[in-house]
Amino acid sequence: MTTIDTHATDVVGSSTTEALSGIVGWITTTDHKRVGRMFIGGGLLALAGVSVVGVLLGIDRASTSKNLIDVNALPQLFSIYRVGLIFIVLLPILVGLAVAVVPLQLGARSLAFPRLAASGFWTWMVGAVLVIGSIAANGGPGGGDRRMVAGYLVAQTVVLLGLLAAAVCVATSVMTTRAPGMNMRRVPPFSFSALVGAIGVIIGVPVLVGALLYSYVDYRYGGSGFGQSKDIFSHIGFGFSQPLTFVFAVPAFGIAAEAIAVATRKRLPMRGVMFTGFGLVGLGALGAVVQVPAGLRRDIVHVSFGTALNDIVPYVLINLLPVLGGLIVLGVGALALAAARPRVTPALVFGLLGSLLVFGGLLGNAVYLIGDAQLGGTVFEEGVRLLVAYGAVLAGLGGIAHWAPKLWGRAIAVKAVLPLALLGFLGAVLAAVPYLVAGFAKQPGDSTTFDYGGPEQLWNIAAAVGHLLMLLTVLAFVGLAMKSFGGRSTPATASGDDPWDAQTLEWATSSPAPFANFAEIHTIASAEPLLDLKEAAGRNV
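This is a predicted model, so every value here is computed, not measured.

Moving on, we come to the overall build of the protein chain. The secondary structure content of the protein chain amounts to 17 helices and zero strands. In summary, the protein chain has a C-alpha radius of gyration of 23 Å against a globular reference of 24 Å for 541 residues, a match within 12%. Projected onto its principal axes, the C-alpha coordinates of the protein chain cover approximately 65 × 60 × 45 Å. Counting only residues that meet the buried cut, the protein chain has 58% of its 541 residues in that class. Counted over contacts in the protein chain with a minimum sequence separation of 6, partners at least 24 positions apart contribute 82%. In the structure as shown, the protein chain presents an accessible area of about 20500 Å², 66% of it carried by carbon and sulfur atoms.

So this is what it looks like as structure tokens:
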């Protein structure tokens with residue numbers, strides 16, 4: 001049995017019109033590059049919507065005299081804000097990038113289980129529409145319509161099953177479809193980080209699915225066990241927050257590592273150490289297994305040693321080791337950059353800025369779970385979530401710009417896209433950091449009614465501006481991409497099939513990559529196979 005479907009095809013009947021043929025081709029595609037692009041497109045569209053919701057909530061929070069939004073609609077806005085940011089924006093963009101790119105990096109002709117990946121996309125998309133619809137119809141956590149609340153629980157399960165299917169395909173591909181000679185030590189950084197992220201999804205998402213099903217059964221039959229709709233997040237909230245979100249963001253570090261190797265034109269040093277860093281960040285998946293915050297209780301220095309140890313061990317394992325992992329990845333990357341004069345590429349700028357934001361989220365979560373900080377229930381957790389999600393998405397935009405020639409056959413203009421990295425970074429900082437500050441001032445989370453000493457309006461207006469800048473970033477990026485891919489730009493092949501002078505196998509095939517990816521299967525002798533080919537040809541690299 002093989003994990004590659006050798007009968008998968010995008011060809012449709014010749015009797016259909018060209019337009020209909022194109023639509024049917026996209027609907028029935030099993031080409032992993034198309035499936036990945038559909039995930040990416042859906043995630044970017046949702047990112048624009050979530051950013052708008054963030055702007056509205058920030059403005060409403062800044063209005064201390066009255067609510068600008070109907071108080072009955074606020075629970076739904078907070079729900080779509082939290083749910084959408086993770087499972088309709090963050091995961092689809094990075095999972096989609098992995099589905100599209102990983103087989104090319106592995107030297108494989110296809111993704112493992114391509115039909116499962118395609119089914120995963122359509123399952124996710126249908127579920128995402130149902131999630132948004134059910135929350136908009138007064139469902140979701142805190143909703144008042146019992147049928148729509150139950151409908152949300154089912155729809156959220158459908159979303160997760162779609163993402164889980166795609167993650168299974170990515171993980172299986174890395175494990176089983178590598179080119180001859182490519183052992184796990186020779187897997188490219190992005191593919192290895194995608195494997196860690198996919199395994200995290202496989203570990204964490206089924207636990208969340210189980211919690212959703214338990215909540216559905218209980219809610220459907222009276223809510224005597226888990227409570228009413230307002231109590232739902234207390235049972236499923238672990239799936240939408242830290243540390244589980246860390247594992248979803250691991251590919252962001254992989255994109256940065258990939259960009260560093262390309263920018264320095266040198267073999268990446270200490271690959272094994274960096275891969276260990278990916279794995280340590282992936283320990284955030286254990287947060288779904290325990291389903292409770294592994295924090296430090298208040299006055300922990302005054303309790304017995306045994307009691308303190310019961311808190312310290314899980315806190316270190318689940319929350320501090322991911323911080324160490326992020327530090328390792330960034331440290332190895334800094335060493336590589338310091339040893340060369342790197343070129344400035346979109347992937348490098350987007351990837352590094354995004355990774356720094358994610359690392360800030362790792363640190364923030366460690367602070368949040370210190371009991372003496374007294375941050376529980378405040379907007380501090382929302383600020384951490386925004387750092388992780390917006391940081392990972394920013395790195396994902398860099399990945400899209402980097403691999404655009406292979407996926408669309410045309411490159412995004414470097415000079416035009418680089419300012420968007422700085423704009424998005426500024427937006428993410430403004431959206432998240434004010435909530436970190438307001439958290440220490442005890443501004444409550446998921447609420448627009450509060451009163452505390454300090455510049456309330458300043459923090460919340462700044463956050464609203466941050467969301468607005470992120471909205472402008474994604475709109476400008478999508479507009480630039482559409483202009484670049486729409487036929488009015490120079491094809492990527494004008495600068496060759498390897499415009500970045502890269503080191504990994506995806507750049508050894510034509511741009512855009514054909515349906516079967518490679519005309520012949522390459523045999524790998526090192527972690528930088530394309531660099532080997534260039535050196536064998538006598539090039540100075």
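Further remarks concern unusual backbone geometry. Here Gln242 and Pro243 are connected by a cis peptide whose omega angle stands at 10 degrees. Following Ser511, the chain continues to Pro512 via a peptide bond in cis, the omega torsion being -5 degrees. Topologically, Pro512 is positioned in the loop between helix H16 (456-485) and helix H17 (529-536). Residue Lys442 is not a glycine yet carries a positive backbone phi of 70 degrees. Counting through the fold element by element, Lys442 comes out in the loop between helix H15 (414-440) and H16. Although it is not a glycine, Asp446 sits at a positive phi angle of roughly 50 degrees. If you trace the backbone, Asp446 turns up in the loop between H15 and H16. A residue is classified by how much of its surface remains accessible, and Asp446, at 36% relative accessible area, is partly exposed.

Here the focus is a nonpolar patch on the surface. On the surface, Phe305, Leu309, Ile312, Val313, Val316 and Leu320 cluster together into a nonpolar patch covering about 510 Å² of accessible area. Note on placement: Leu320 falls in helix H12 (residues 305-338). With relative accessibility at 33%, the residue Leu320 sits in the partly exposed group.

What follows is about the packing of helix H14 (residues 380-408) against H16. Packing of H14 against H16 leaves a shortest axis separation of 12 Å and a crossing angle of 5 degrees. One element, H14, and the other, H16, form an angle in the roughly parallel class. Residues Leu386, Tyr390, Leu397, Ile400, Ala401, Ala404 and Trp408 of H14 touch H16, and the partners they reach there are His467, Met470, Thr473, Phe477 and Phe485. Taken together, the residues that form the contact of H14 with H16 break down as ten nonpolar, two polar and no charged.

Right, let's get into the environment of Val349. Looking at where Val349 falls in the secondary structure, it is placed in helix H13 (residues 346-368). Accessibility expressed as a relative area gives 19% for Val349, which makes it buried. Leave out the neighbours within four places in its chain, and Val349 touches Val344, Leu418 and Ala421.

Before going further, it helps to examine the side chain of Thr264. Topologically, Thr264 is positioned in helix H9 (residues 250-264). With relative accessibility at 7%, the residue Thr264 sits in the buried group. Engagement of the side chain of Thr264 in a polar contact is seen with the backbone oxygen of Ala261, the distance being 3.4 Å. Each residue touching Thr264, except ones within four places of it in the same chain, is listed here: Ala336, Leu337, Ala340 and Pro342.

Its place among the elements puts Lys33 in helix H2 (residues 32-62). You can call Lys33 buried: its relative accessible area is 3%. Reaching out from Lys33, the side chain makes a polar contact with the backbone oxygen of Pro514 at a distance of 3.0 Å. A distance of 3.4 Å separates a polar atom in the side chain of Lys33 from the backbone oxygen of Phe515. The contacts of Lys33, once residues within four sequence positions are left out, are Ala100, Leu104, Lys406, Leu407, Ala513, Pro514, Phe515 and Asn517.

For the rest of this paragraph, the subject is the environment of Gly162. Inspection of the secondary structure assignment puts Gly162 in helix H5 (residues 146-176). Under the relative-accessibility criterion, Gly162 is labelled buried at 0%. The sequence separation of Gly162 and Ser355 amounts to 193 residues, and the corresponding C-alpha distance is 26 Å.

On to the nonpolar core, then. Grouped together as the largest cluster of nonpolar side chains are 173 residues, with contacts concentrated most on Phe87, Ile236, Phe248, Phe278, Ile412 and Phe477. At 24 residues, helix H3 (residues 74-106) tops the list of elements feeding residues into this core. Excluding residues within four positions of it along the chain, Phe477 makes contact with Phe350, Leu397, Ile400, Ala401, Ile412, Val417 and Leu420.

This next bit is on the packing of H2 against helix H4 (residues 114-136). H4 packs onto H2 with a crossing angle of 20 degrees between their chain directions and a minimal axis gap of 9 Å. Taken together, the axes of H2 and H4 are roughly parallel relative to one another. H4 is crossed by H2, and the crossing has left-handed handedness. Where H2 approaches H4, its residues Val35, Met38, Phe39, Gly42 and Gly43 are matched on the opposing element by Ala117, Ala118, Gly120, Phe121, Trp122 and Trp124. Of the residues belonging to the contact of H2 with H4, the class tally is eight nonpolar, three polar and no charged.

This next bit is on the pattern of salt bridges. If you walk through the whole model with that rule in mind, you get ten salt bridges. Here Asp498 ties to Lys534 by a salt bridge, and the two come within 2.6 Å at their closest N and O atoms. Remark: Lys534 occurs in helix H17 and Asp498 occurs in the loop between H16 and H17; sequence separation between them is 36 residues. Looking at Asp498, the relative accessible area reads 18%, which means it is buried. With relative accessibility at 8%, the residue Lys534 sits in the buried group. The network of salt bridges with shared partners includes Arg82, Glu381, Arg385 and Asp446.

Rules used throughout
Residues numbered from 1 in each chain as written. Predicted model: local features only at pLDDT ≥ 70, side-chain atom pairs only at ≥ 80, totals over all residues. Heavy atoms only, no water. Helix = DSSP H or I, 4+ residues; strand = E, 2+ residues; numbered from the N terminus. Rg over C-alpha atoms; globule rule 2.2 N^0.38 Å. Buried < 20%, exposed > 50% of the residue type's maximum accessible area, 1.4 Å probe, protein only. Contact = heavy atoms within 4.5 Å. Areas by Shrake-Rupley, 256 points an atom, 1.4 Å probe, with all protein chains shown as cover. Patch = residues over 30% accessible without salt bridge, like charges linked within 9 Å, V, L, I, M, F, W, Y side chains within 5 Å. Salt bridge = Lys/Arg side-chain N within 4 Å of Asp/Glu carboxyl O. Axes fitted to C-alpha atoms, helices over the stretch in contact; angles between N-to-C directions. Parallel < 35°, antiparallel > 145°, perpendicular 65-115°, else oblique. Nonpolar A, V, L, I, M, F, W, Y, C, P; charged D, E, K, R; others polar. Polar contact = N/O pair within 3.5 Å; in protein donor to acceptor, adjacent residues only side chain to side chain. Core = buried A, V, L, I, M, F, W, Y, C linked by side-chain atoms within 4.5 Å. Left-handed = near helix turned anticlockwise from the far one by under 90°.

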